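The chain contents come next:
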Amino acid sequence: MPIRINITSIFVDDQAKALAFYTEKLGFVPKHDVPLGQHRWLTVVGPGEPDGVELLLEPDEHPAAKAYMAALVEDGIPATSFAVDDVAATVRELEANGVTVTQPATPMGPVVVATIDDTCGNLIQLTSPA
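Since the model is a prediction, treat every value here as computed from it, not as a measurement. The residue numbering used here restarts from 1 in each chain and proceeds along that chain's sequence as written. Under the rules for a predicted model, residues below a pLDDT of 70 receive no local features and side-chain atom pairs below 80 are neither given nor counted, while totals for whole chains, interfaces and linings still include all residues. The side-chain values count all of the structure's non-hydrogen atoms but skip hydrogen atoms and water molecules.

Draft legend 1. View of the sheet that holds strand β5 (residues 80–83). At least two bridges found by DSSP between two strands is the condition for calling them paired. The helix count covers DSSP runs of H or I at least four residues long, the strand count covers runs of E at least two residues long, and both are numbered beginning at the N terminus. Strand order in the open sheet formed by four strands is β5-β8-β7-β6, and the pairing between neighbours is mixed. The open sheet has two free edges, formed respectively by β5 and β6 (101–108), since each of these has just one partner strand. Sheet twist, expressed as the mean angle between neighbouring strand axes with direction ignored, is 20 degrees. Examined bridge by bridge, strand β7 (residues 111–117) and strand β8 (residues 123–129) share seven bridges and lie antiparallel to one another. Each residue of the ladder has a partner; that of Val112, found in β8, is Ser128. Structural elements are reduced to axes, namely lines fitted to C-alpha atoms, with helices fitted over the stretch in contact, and the angle between N-to-C directions of any two is expressed from 0 to 180 degrees.

In structure tokens, the structure reads:
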């Protein structure tokens, strides 16, 4: 029985701000936006991938979430990683669009990586082949 990734999540400190960042700055597309009391079941997918893996923008309301997120940021550890075709070109475009880059494009063996701040409590790693 093959197992596939269907949904993965990232904690965010503000769902509306996260939706704006992930769609307007990174180019993701909204998939589901279902009201659930004061929060929402809010997912995005990659552009051109309407049936692709969904990223759930999960409220950081669990007591451990805020501490977990803060510890990752303090240690410079990305919460997740996204693939791009060319990290250096993507970083230039994101910087021009006002995104904060916390680690510039850096070759690391077979990949090039960079890290950005998602403005919602997380560092995000971008990777491309070297």
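Draft legend 2. Here's a closer look at the sheet that holds strand β2 (residues 29–36). Strand order in the open sheet formed by four strands is β1-β4-β3-β2, with mixed pairing between adjacent strands. With one partner strand each, in any of the chains shown, β1 (7–12) and β2 form the two edges of the open sheet. For this sheet the average axis-to-axis angle between neighbouring strands, irrespective of direction, equals 25 degrees. Whether two residues are in contact is decided by their heavy atoms: any pair within 4.5 Å suffices. Where helix α1 (residues 15–25) meets the sheet, its contacts fall on β1, β2, β3 (39–45) and β4 (54–59), and the angle it forms with β3 comes to roughly 10 degrees.

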